[in-house]
Amino acid sequence: MLLDVNLPDGDGFSLFGELREGRDVPVLFLSARDEDADRLQGLGLGADDYITKPFLPQELLLRLNAVLRRVYREEAQAARLRDVEMDWGKSAVRRNGAETALTAKEFTLLKKLWDARGNIVTIDALCAALWDGPLVGYENTLMVHIRRLREKIEADPSHPKYLLTVRGLGYRLNREGAK
Amino acid sequence: MSLRSIFKGALLVTASAALIAVITIVGILAFVFYHSNGGRSWDAPVSRISSALTWDGTDYDFSGDELLENDRWAVLISEDGRVVWSLRKPADVPEQYTLTDVASFTRWYLNDYPVQCRIRDDGLLVVGSPKGSVWKHGISTPAQLLHAAPLWCGIIFLLALGCVLLLPYFAVRRWSQQAQRVRDAARSDWINGVSHDIRTPLSMVMGYAAQMEEAEDLLPERRKQAGIIRSQSQEIRNLVNDLNLTMRLDCAMQALRKEPIQVEVFLRQTVADFLNGGMGEGFDFEMDLPAEPLPPIEADPFLLRRAVNNLLTNCVRHNAPGGSIRLGARAEGKSVVLFVEGGAAAAPVEAAPARHLETDGAAAHGTGLKLVRQIAEAHGGKAAFNGGPPFRCELWMPVKPR
């Protein structure tokens, strides 16, 4: 549900309270006000996101998708990079018909990157996912895990197509496979 | 109206008020003094009354009836305290006096009659007035105090002068603070209103332009134009946002929600979000962070992100694609210095010496960069700019106190 905060006959915040009674629909607020207080009030009420006008249609779509993904978590059992199949249920990857099992850490890493596919995930966020906190000093261990993961999904781990390094920042899972 | 002229006006008002008070007080004192001892109706005639009373060898002869009004009376008391002569003496005035009686009435009242006395060779002449017609009050002042009179007169004068100067000062200050608050509120209302009213139509412009940019049935030329409309509208949006925040920081209306921030993590996330948002495509981003972890700073993450984003946007906008943008941080004393480098500033600084950083100069023009400085200053830090090329900005953020 998309709700504007400024309505001709009331405000979106109170309408939101009525609509949420007994229902669990994801709600996004649209508003031309960008004060922190409004933003916090909206999110504090339990809205799933708050978009400030003006916005691009793509922005709205991205946010909607993110909310939908979060709320109705698609429990897809499998996903696919161009020539790599990932089986979340079995925690394994298949490439050229050969199946390789993933360790728990590799699974978490790959899932995190897949959920943000196409976008950069910082090393801090990856460390937080693996070790419950942005731990300084784990970067090298992270690199080891990344290398192992590459060995399982990449044809040539030294020249990765899918799991790309973004120097100084983090990693990005390229769905289509870079040249 | 300038503050100076307001102050002058207030000073004039207070000074006039003080002058009126002084004139009133002096007038009252003069009036009271004129009708007191020395006043025409009371004191002066006593000596004449006395000279009008003469002893002719056998009896007293009084020739000054016109000097003594009908309701006044007089007695002459001899050395042994007996009344030897009297004129219209009331019945309740005794015939005989002791030493203590005399001591009392010469200073105060005789049986409640206000009296004046005159010492003569043959005794004491007492002239009485009706009861309740005159107040007598004795004033005595320590001599020491009178010697120091110039000093305390000076002190009292200075105190009074201080009041005359300070009163209008505080009044004007209070007034101007109130006026400032009202002005700030009006300004923020206005900008909030305008930015609110701009946002809604702008979302239409941006929405339709973005759709036209994607439309298959339009000529490539038209789609490119739609793209320009879209990107320029985004510029306007950023400008409105910056303007809004800059005004709020100016009026100290933006509450800082500070939390501890690990700068390395913050910078990586901000740049990642910047890139994920499709900005900075085709640019080479270089991170320059020390091997040792930096001390955490305390800042409002939303504002700090806004500052770094503005710097990145500035670098991208004034940089040829393929150019490089460097970001980093270092610890320096009680600050962590964040820096962003690349491209040129919005308003290039003429002949700025390389590496020379200005904290307040032409390099920091434009709402976006002004906002960067405001954000740094709101956190108790500072921002230094160099117009370059390459453009460079350093943000000095205070380390979180332990």
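Position numbers for residues count from 1 along each chain, tracking the sequence in the order it is written. Chain A is the first chain written and ligand 1 is the first ligand written, with later ones labelled in order. With the structure being a predicted model, the display of local features is reserved for residues of pLDDT at least 70 and the display and counting of side-chain atom pairs for 80 or more, all residues being used for whole-chain, interface and lining totals. Each side-chain value is worked out from all heavy atoms of the structure, with water and hydrogens disregarded.

Engineer: Is there a simple way to explain the packing of aromatic side chains in this structure?
Structural biologist: Paired rings are identified among Phe, Tyr and Trp, the last through its six-membered ring, by centres lying within 6.5 Å, and are further divided according to the angle between planes into stacked (under 30 degrees), edge-to-face (over 60) and tilted (the rest). Tallying each qualifying case throughout the model produces nine aromatic pairs over all chains. On the numbers, 5.6 Å between centres and 80 degrees between planes, the contact of W88 of chain A with F107 of chain A is edge-to-face. Pair noted here: W88 of chain A is in the loop between strand 7 (84-87) and strand 8 (92-95) and F107 of chain A is in helix 4 (residues 104-115), with a separation of 19 residues, a long-range link. Taking the centre distance of 5.3 Å and the plane angle of 65 degrees together, the rings of Y169 of chain B and F170 of chain B count as edge-to-face. Looking at Y169 of chain B, the relative accessible area reads 39%, which means it is partly exposed. Any residue under 20% of the maximum accessible area for its type is buried, any over 50% is exposed, and the rest in between are partly exposed; the area is computed with a 1.4 Å probe on protein chains only. The class of F170 of chain B is partly exposed, set by a relative accessible area of 46%. Residue placement shows R117 of chain A over the ring face of W114 of chain A; its charged tip is 4.2 Å from the ring centre. Only runs of H or I of at least four residues qualify as helices and only runs of E of at least two qualify as strands under DSSP, and these elements are numbered from the N terminus. The criterion for a charge sitting over a ring is simple: Lys NZ or Arg CZ within 6 Å of the ring centre, and within 35 degrees of the ring normal.

Engineer: Is there a simple way to think about the side chain of R392 of chain B in this case?
Structural biologist: Residue and element names in this part refer to chain B. Along the chain, the position of R392 falls in strand 14 (residues 392-398). With a relative accessible area of 10%, R392 lands in the buried category. Throughout this description, a polar contact denotes any pair of N or O atoms lying within 3.5 Å of each other; where both atoms belong to protein, one of them has to be capable of donating a hydrogen while the other can accept it, and for residues adjacent in sequence the pair is counted only when both atoms sit in side chains. Of the polar contacts made by the side chain of R392, one reaches the side chain of E394; its length is 2.7 Å.

Engineer: Which parts of the structure should I look at to understand the sheet that holds strand 7 of chain A?
Structural biologist: One key point about sheets: their strands pair by backbone hydrogen bonds, in either a parallel or an antiparallel sense. Residues and elements named next belong to chain A. Pairing between strands is defined by DSSP: at least two bridges between them are needed. Reading across the sheet, the four strands line up as 6-7-8-9 and stay open at both edges, with antiparallel pairing between neighbours. The open sheet has two free edges, formed respectively by strand 6 (78-80) and strand 9 (98-101), since each of these has just one partner strand. Recorded for the sheet is a direction-independent mean angle of 20 degrees between the axes of neighbouring strands. As paired strands, strand 6 and strand 7 are joined by three bridges and run antiparallel to one another. If you follow R80 over to strand 7, its bridge partner there is E85. Whether two residues are in contact is decided by their heavy atoms: any pair within 4.5 Å suffices. All axes are obtained by fitting lines to C-alpha atoms, using only the stretch in contact for helices, and the reported angles, taken between N-to-C directions, cover 0 to 180 degrees. This element, helix 6 (residues 139-153), spans strand 7, strand 8 and strand 9 of the sheet and lies at about 45 degrees to strand 8.

Engineer: How should the packing of helix 6 (residues 220-250) of chain B against helix 8 (residues 301-317) of chain B be read in this particular structure?
Structural biologist: Residues and elements named next belong to chain B. Look at helix 6 against helix 8: their axes get within 13 Å of each other, and the N-to-C directions meet at 140 degrees. Viewed along their axes, helix 6 and helix 8 adopt a mutual orientation that is oblique. When the axes of helix 6 and helix 8 are compared, the crossing they make is left-handed. Contacts from E235, N241, D242, L245 and L249 of helix 6 reach helix 8 at L303, R306, N310 and R317. Gly counts as polar in this scheme, as do all residues outside two lists: the nonpolar Ala, Val, Leu, Ile, Met, Phe, Trp, Tyr, Cys and Pro, and the charged Asp, Glu, Lys and Arg. When its residues are assigned to classes, the contact of helix 6 with helix 8 shows three nonpolar, two polar and four charged. Oblique is the label for any angle not under 35 degrees, not over 145, and not in the 65 to 115 range, which are roughly parallel, roughly antiparallel and roughly perpendicular in turn. By convention the crossing between two helices is left-handed if the near helix lies anticlockwise of the far one by an angle smaller than a right angle, and right-handed if it lies clockwise.

Engineer: Can you help me understand the sheet that holds strand 10 (residues 120-122) of chain A in this one?
Structural biologist: All names here are of chain A. Here three strands make up an open sheet; going across it, the order is 10-12-11 and the pairing antiparallel. The outermost strands of the open sheet, each flanked by one partner alone, are strand 10 and strand 11 (163-166). Neighbour-to-neighbour, the strand axes of this sheet turn through a mean angle of 30 degrees, independent of strand direction. One ladder, built from four bridges, connects strand 11 with strand 12 (residues 170-173); its direction is antiparallel. Looking at strand 12, one finds that T165 is bridged to Y171. Running over the sheet, helix 5 (residues 123-131) touches strand 10 and strand 12 and is turned about 65 degrees from strand 10.

Engineer: Would you mind showing me how to read the environment of P168 of chain B here?
Structural biologist: Residues and elements named next belong to chain B. Mapped onto the fold, P168 is located in helix 5 (residues 149-214). For the pair P168 and L11, spaced 157 residues apart in sequence, the C-alpha to C-alpha distance is 5.5 Å. With sequence-adjacent residues up to four places away left out, P168 is seen in contact with F7, A10, L11, T14 and C163.

Engineer: Explain the interface of chain B and chain A here, please?
Structural biologist: How big an interface is tends to be stated in terms of the accessible area lost upon association of its parts. Each partner contributes to the interface: chain B provides 31 residues, whereas chain A provides 27 residues. Interface area for chain B against chain A, summed over the two sides, is near 2,500 Å², with a carbon-plus-sulfur share of 55%. Using a 1.4 Å probe, buried area is obtained as the accessible area two parts lose upon being combined, added over both of them. By the criterion of area lost to chain A, the three top residues of chain B are R199, R268 and N276 of chain B, representing 24% of everything that side buries. A side-chain nitrogen of Lys or Arg and a carboxyl oxygen of Asp or Glu constitute a salt bridge if their distance falls within 4 Å. For the pair chain B and chain A, the number of links is three salt bridges. With its nearest N and O atoms 3.3 Å apart, the salt bridge here joins E59 of chain A to R237 of chain B. Here chain B is connected to chain A by six residue pairs in polar contact (both at pLDDT 80 or more).

Engineer: Whenever I open this one, the pairing of strand 7 (residues 123-128) of chain B confuses me. Can you help?
Structural biologist: Along any regular strand, the residues point their side chains to alternate faces of the sheet. Residues and elements named next belong to chain B. Here strand 7 lies mainly inside the structure; six of its six residues are buried. Across six bridges, the pairing between strand 6 (residues 113-120) and strand 7 is antiparallel. By the bridge assignment, V115 is partnered in strand 7 with G128. Linking strand 6 back to strand 7 in an antiparallel pair, the connection comprises two residues.

Engineer: Quick question: what am I supposed to make of unusual backbone geometry here?
Structural biologist: Peptide bonds are trans in most cases, and residues, glycine excluded, mostly fall at negative phi. All names here are of chain A. A cis geometry characterises the amide bond from K53 onward to P54, with omega recorded as -5 degrees. Looking at the element boundaries, P54 is found in the loop between strand 5 (49-52) and helix 3 (57-71). Notably, S91 is not glycine yet its phi reads approximately 55 degrees, a positive angle. Here S91 lies in the loop between strand 7 and strand 8.

Engineer: What is the right way to look at the environment of R373 of chain B in this model?
Structural biologist: All names here are of chain B. Mapped onto the elements of the fold, R373 is located in helix 9 (residues 367-378). Classification of R373 by relative accessible area gives buried; the value is 15%. Residues R373 and C393 lie 20 residues apart in sequence; the distance between their C-alpha atoms is 9.7 Å.

Engineer: Mind showing me how you'd approach the confidence of the model for chain B here?
Structural biologist: Residues and elements named next belong to chain B. The predictor rates its confidence in each residue with pLDDT, a number between 0 and 100. Summarising the model, chain B shows a mean pLDDT of 82, and 92% of its residues fall at 70 or more. When the criterion is pLDDT under 50, residues 346-364 qualifies, and its contacts beyond four places in sequence or with other chains add up to 40 contacts. Our summary of model confidence lists the complex with pTM equal to 0.63 and ipTM equal to 0.79.

Engineer: Help me out: how do you make sense of the nonpolar core in this one?
Structural biologist: The nonpolar side chains of a soluble globular protein tend to be buried, and buried together. Joining through side-chain atoms within 4.5 Å is the link that ties buried Ala, Val, Leu, Ile, Met, Phe, Trp, Tyr and Cys residues into a set, and such a set is a nonpolar core. Core analysis: the biggest nonpolar cluster contains 44 residues, and L327 and L395 of chain B have the highest contact counts within it. With 25 residues, the next largest nonpolar core counts M86, L130, L142 and L149 of chain A among its residues.

Engineer: Would you explain the pattern of salt bridges in this entry?
Structural biologist: Pairing between side chains becomes possible if they bear opposite charge and their charged atoms approach one another. All names here are of chain B. What the rule picks out here adds up to 25 salt bridges over all chains. Between R306 and D242 there is a salt bridge, and its shortest N-O distance comes to 3.5 Å. In this pair, R306 is assigned in helix 8 and D242 in helix 6, connecting sequence segments 64 residues apart. A salt bridge links R392 to E341; the nearest nitrogen and oxygen atoms lie 2.6 Å apart.

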